Amino acid sequence: MDTLTVTTIVLLGGIALLLAFGVPVAVAMGLPSAFAIVLLLGWEGAALTSAQRVFSGSNSFALLAIPFFILAGGLMTNGGIATRLIDLALVVAGRLPASLAQTTVVANTMFGAVSGASVASAAAVGTVLSPRMKKDGYDPAFSAAVNAAASPAGMLIPPSNTFIVYSLVSGTSIAALFMAGIGPGLLWSAVCFVMVAIYARKHPELRSHVRPSLRQALIVFLRALPALALIVVVIGGILSGFFTATESAVIAVLYALILGLVQRTLPVRDLPKVILEAAKTTSIVMLLIGVSGILAWVLSFSRIPQTISEKLLSFTDNPAIILAIIMVVLLLAGTIMDPTPAILIFTPIFLPVVVSVGVDPIHFGAMMVFNMCLGNISPPIGNNLFVAARVAKVKIEPVIGRLMPFFWALCIGLLIVTYIPELSTWLPTQLGLMP
Amino acid sequence: GSSTAEGQAAGGETTTLQLALNQTEEHPSYISLDAFGDRLVKSTDGRFDIEVFPNEQLGAQADTLQLVSDGVVDMAIVSGAQLENLSKDFIAFNLPTVFDSVEHQMSVVNNPEITGDLYSSLAESNSVSVVGGLTQGARSIYTKTAPAETPADLAGQKIRVQESELFLALVEAIGASPTPMAFGEVYTALQSGVIDGAENNEVSYFTQKHHEVAPFFSYTNHLIGLDYLIINSNTLEGMSDEDRAAFDEEWTGTYEQHTTLWGEATDDAIAGATAAGATFTEVDSDAFTEALEPLVDQFLTEPSQKKLYDAAREASTK
Amino acid sequence: MATHPDDEANSSEHDDAATVRTSRTVPALEAIRKTTDRILALLCMVIFVALVVIVSWQVFSRQILQDSAPWTEEAARYTFVVLALLGAALVFSERGHIAVELLASRFPVAGQLIISVAVELIVIFFAVFVFVIGGYRVAANAWNQGLSTLPLSVGQVYMVLPLVGILITFYSIYHLITVLLNGERPTPSVDETAEVI
Ligand code: NA
Ligand code: NA
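Conventions adopted
Residues numbered from 1 in each chain as written. Chains lettered and ligands numbered in written order. Predicted model: local features only at pLDDT ≥ 70, side-chain atom pairs only at ≥ 80, totals over all residues. Heavy atoms only, no water. Contact = heavy atoms within 4.5 Å. Buried area = accessible area lost by both parts, 1.4 Å probe. Salt bridge = Lys/Arg side-chain N within 4 Å of Asp/Glu carboxyl O. Helix = DSSP H or I, 4+ residues; strand = E, 2+ residues; numbered from the N terminus. Nonpolar A, V, L, I, M, F, W, Y, C, P; charged D, E, K, R; others polar. Phe/Tyr/Trp six-rings, centres within 6.5 Å; stacked < 30°, edge-to-face > 60°. Lys NZ or Arg CZ within 6 Å of the ring centre and 35° of its normal. Polar contact = N/O pair within 3.5 Å; in protein donor to acceptor, adjacent residues only side chain to side chain. Buried < 20%, exposed > 50% of the residue type's maximum accessible area, 1.4 Å probe, protein only. Pairing = 2+ DSSP bridges.

## Structural notes on the interface of chain A and chain B
The interface of chain A with chain B comprises 27 residues on the first partner and 24 residues on the second. Between chain A and chain B, a total of about 2000 Å² is buried, with carbon and sulfur atoms accounting for 54% of that surface. For the interface between chain A and chain B, the tally reads two salt bridges. Only helix H3 (43-58), helix H12 (214-240) and helix H14 (271-301) of chain A provide two or more residues apiece to the side of chain A that touches chain B. For the side of chain A that touches chain B, the element with the highest residue contribution is H3(A), accounting for six residues. Residue composition of the side of chain A that touches chain B, by class: 13 nonpolar, twelve polar and two charged.

Written out as C-alpha cells, the structure reads:
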C-alpha cells in the first residue's frame, strides 16, 4: 500500500473508531491526525506540528466573535430578553390556527436574529411554550418536534457562530456570509411555518390562542423593542463601517449587558456564572477548531483533498451532480456529527472541488450551514432535537416520528438553497460585500 | 514540480523537497518555484524535486519558519519580518529607502558578497539557511476617497497595516493612523469604511479586488517588499557538491523568472485596475522620503545592521 | 453535545457545575482538583472580561478617539488563545467535551468500565504528546521571537500549551482513579442551556 492509502486509512478509520468508543471528539480527531504525521515525519516533527496547529487554530482575530456571541446569548437568556421575545411572538402569531405552534416558529426566528447559536433558543422557547402547549391539548411530542425543527434557523440568520467557523476554513468574509444567511434562514422558518399550517388544518381543535387588544400588543412590542434593536445595532454597525463583523460581537455583549442591568432583569450576582459558562462553551468549540487544524494540515501535506477532488472530477464535472453528491455526504455526516467539526473536516475537502466547477464559496457556505442545521435535528444525534425533547419532558423516539415531515420538507428547502444560488448571494452582492 | 515520474525514470531515489508557500497557484512566486522544481529534477538527474504547497496549507509564515527549523518541512518562503525575529540584522533590507527599485533590490539580496554571512548566520542556531530573495514589489498606499500626493493628504486617515513594529512606525511617520487588521478582513473593512485605506503592492491591490473599494492608488513606494527562500541547513548540507551547484544555478533562474513574472503581473494589475476605474497617481516622493528617513536611524541600532544597509546603498546605481 | 439522548436521571441532580457522580474518592486528590478548578474558573472569568475590555477599547479608540490603538488586535488574539486553552482544561475536569456516547453506552457495565479506562488513557497520551511535549518544543523554538506590540515573546505565550497539557493529564488521572475505585463510569454533566454550535 502506498503512503496515501495508509494515511487515509489511519485517519478515517482512527477517527471513526475513537468516536464510536466515546473518546471526546477533539481527541478522536486529533490523535489519528497526529499519528498520521508520525507516519510521515516521525515523532518529533509530529508533536511540534500538532502543538503548533492547536495554538494557531485559535490565534485568529475573526474567531473572537465566537466567545462574544456566546456570551451575549448567555446574557440575553439570563437577562429576560428571551421571555420578552416570546411574548412578542405570541402577539404576532396569536391569531393563527395552532397559534402556539406558530408562536414557537416565530419566537425561534426572532431569537435566532439576536443570538449566534440555536440550541439556547430551543431551550428558552421550549421551556416557556411546551407546558402551555400541553395544557392547550397539543401532543407533547409534536410541540417538541416543532421547537426542534424551528430552532436551527438561528444558525442561518445572522449573527451566526457557524458561519464564523466556515469563514475561518474557507477564507471568506464574515459580513458577506452573514448577509448570505438571511435568505436561507427565512426560508427555513417559512418551511416550518407552512408545515405547522398544514398540521393545523388536520387538527382544527388547536385554535388560535391570543387575541390581545391593540394596547396590549403595543406594550408587548415596546417591551421587546430593545431586544429587537440589537439586530439593528449589529447589522447596521457592520454595514455602516462603524465596526467589523468581529467587533460587532463585543458590541452585542455590551448591549445585552447594559440592557439586562438597566431593565434590572439581569442580577449582577449571576454575572460570574454566565461569564464562566460562556468561557467553557467557547473552549469546547475552540479546542475542536484548534485540533481540526492538525487534521487539515495532514490532509494538505498528504494531498488527500486533491486526490478526492480528482477522483470526483474524473467521475463528473457537472456542478449539479457534484453538489448533490456532497450534500448527501454531508447529510449522512450530519446524522451523527456536530456542525463545527463537520464544517472543519469537510470544507477543506469539498470547497476546492466545488470552486473548480464554478460554485461561489459564499453560496457553498450557505448550503453547507443549511445542511448542518438539518444534521442538528436528524436522528440519532441532533443537539436541537435532544434539547427540544428534554425541555418538553418527552422521550426522543416519539418526537422523531413527529419531526420527520419537517425534516423532509426542509430537505426540499436544501434543494432550493443548493440550486438557486441567488437566494444566498443576491443580498451580499447588492450590498457590495462580495468581490 | 510535478515531474517525479520523469526523475524516477532516470533511476535511483528522488528526494522531494517540500516547500511551504503563502501565495496562491496563480502568484508569480508559485509559478517560478514550481518551475524551479521541474528544472531541478532534470539538472540533478532526478535526485531532487520540489513540491510546492501553496495557500498557507502548511501554516502561516511564522509557523512554517519553525517547521523548516525543525526539519518537518524542507523549505519555505518567509518574509524579512519573520527572519528579523531570529536575527535583527535582517532588518537592514526591510527598511524604507534601502532599495531604489526592484532591480537594485535583486542585485543586492542575491549577491553572495553582500549577503554571504547574513544568510548563513542562522544555520548553527536555528538550522535555517537562506537561499536568496524574491521581490514582493514596491508598496504604496491606496485610499477610498482621494489620492494622497503628500503626507499631509493622509493626516488622520486609518490605514490598515500588517502587525509589525516597522509598519506601525512607517504609517505613523507619514502622519496617518496605523490600524492592524487581518488581511482577509481588509476588503470588507474598506468597503464599509472601518478603515480609509491600506498599503500593498499593485499585484495584491488588484488580485484582492481592493481597487473596487479603494480606487485611489498613490505611488508612495514607501518600501520594497522582500520574501526569502529558506531551507533546512541539514538538507542543504546533505546535498553533494554537484547537486548543490545545480540547486544554486536553478535558483538563479528562479529569481530571474520571478522578477520578470512580477513585472508582468504588476503591469497586468495596473491595466486591470485602471480599466475598472482605479486611478494611479504619482506623489511628491521627496516629501515622503523626508518623512521616512528618520526611520532608518531609529531601526538601525547595531553596527552590523548599518554595514548591511550601507553595502546595499553602495550597490545603488542611482 | 455530551452524552446520550434520554438521560433523564442525571439532568436534575447537577446544581454544581463540576459534577462527576462519585461514591469513593481519594480526599487529597479531590482537594487538589477542587482548588485547581476554582483557580482555573477564576482565571477564565478574569481573562474573558479582559478580552471584552480590549476589543471594546479597539472600537472606541478607532471610532470615538479617532486614533487606533495598535496593540489591541495582537493582545486580543493572544488573550483569546490563552482563554480558549485554559477553558478547555477546565472542561476536561467535568468531562464536558463533546463526545458521541451512543455506542459506548450500549455496552454492559464491565465493557463500559474498560472503555472508560481506555478513553482516559487515550486522552492522557494525546495531552502529553501534543500539549506537553509538542507545546514545550514550540515554546522553546519561539522563546526569543518577540511580539510586535507587546513586551512578551511568542514562546512565553506558547508555554500555555504544556501547562494545559499537564492540567488535562491531571484531570484524566483523577477520572481514571475514580473509575477504578468505584467500578463504574463517571457520568458527565448535562447542561441543557449550553450552546453547542
Ligand atoms: Na443567529
Ligand atoms: Na443529526
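## Here's the deal with the packing of aromatic side chains
Scanning the model with the defined rule gives 31 aromatic pairs over all chains in all. The interplanar angle of 70 degrees and the centroid separation of 6.2 Å between the aromatic rings of Phe126(C) and Phe131(C) together place this pair among those described as edge-to-face. Looking at Arg303(A), its charged tip hangs above the ring of Phe53(B), at a distance of 4.5 Å from the centre.

## Some details on the interface of chain C and chain A
In this complex, chain C contributes 73 residues to the contact, which on the side of chain A involves 83 residues. Taken over both partners, the interface formed by chain C and chain A buries close to 6800 Å², and the fraction arising from carbon and sulfur atoms is 76%. Linking chain C with chain A are three salt bridges. With a closest N to O distance of 2.8 Å, Glu94(C) and Lys280(A) form a salt bridge. Joining chain C to chain A, the criterion identifies eight residue pairs in polar contact (both at pLDDT 80 or more). Sort the elements by how many residues they give to the side of chain C that touches chain A and helix H3 (residues 109-141) of chain C lands first, with 15 residues. For the side of chain C that touches chain A, a count of residues per class yields 50 nonpolar, twelve polar and eleven charged.

## Some points on the side chain of Thr109(A)
Residue and element names in this part refer to chain A. Relative to the elements of secondary structure, Thr 109 occurs in helix H6 (residues 99-114). Look at Thr 109 and you get buried, because its relative accessible area is 16%. At a separation of 2.9 Å, a polar atom in the side chain of Thr 109 contacts the side chain of Ser 189. Aside from chain neighbours lying at most four places away, what touches Thr 109 is Ile 157, Leu 186 and Ser 189.

## Description of the pairing of strand E7 (residues 197-200) of chain B
Residues and elements named next belong to chain B. Neither face of E7 is exposed, since Gly 197 and Glu 199 on one face and Ala 198 and Asn 200 on the opposite face are all buried. In this structure, strand E4 (residues 128-143) lies alongside E7, joined through four bridges in antiparallel fashion. Looking across to E7, one finds that Thr 143 is bridged to Gly 197. Taken together, the two bridges between strand E5 (residues 158-161) and E7 define a ladder with parallel strand orientation.

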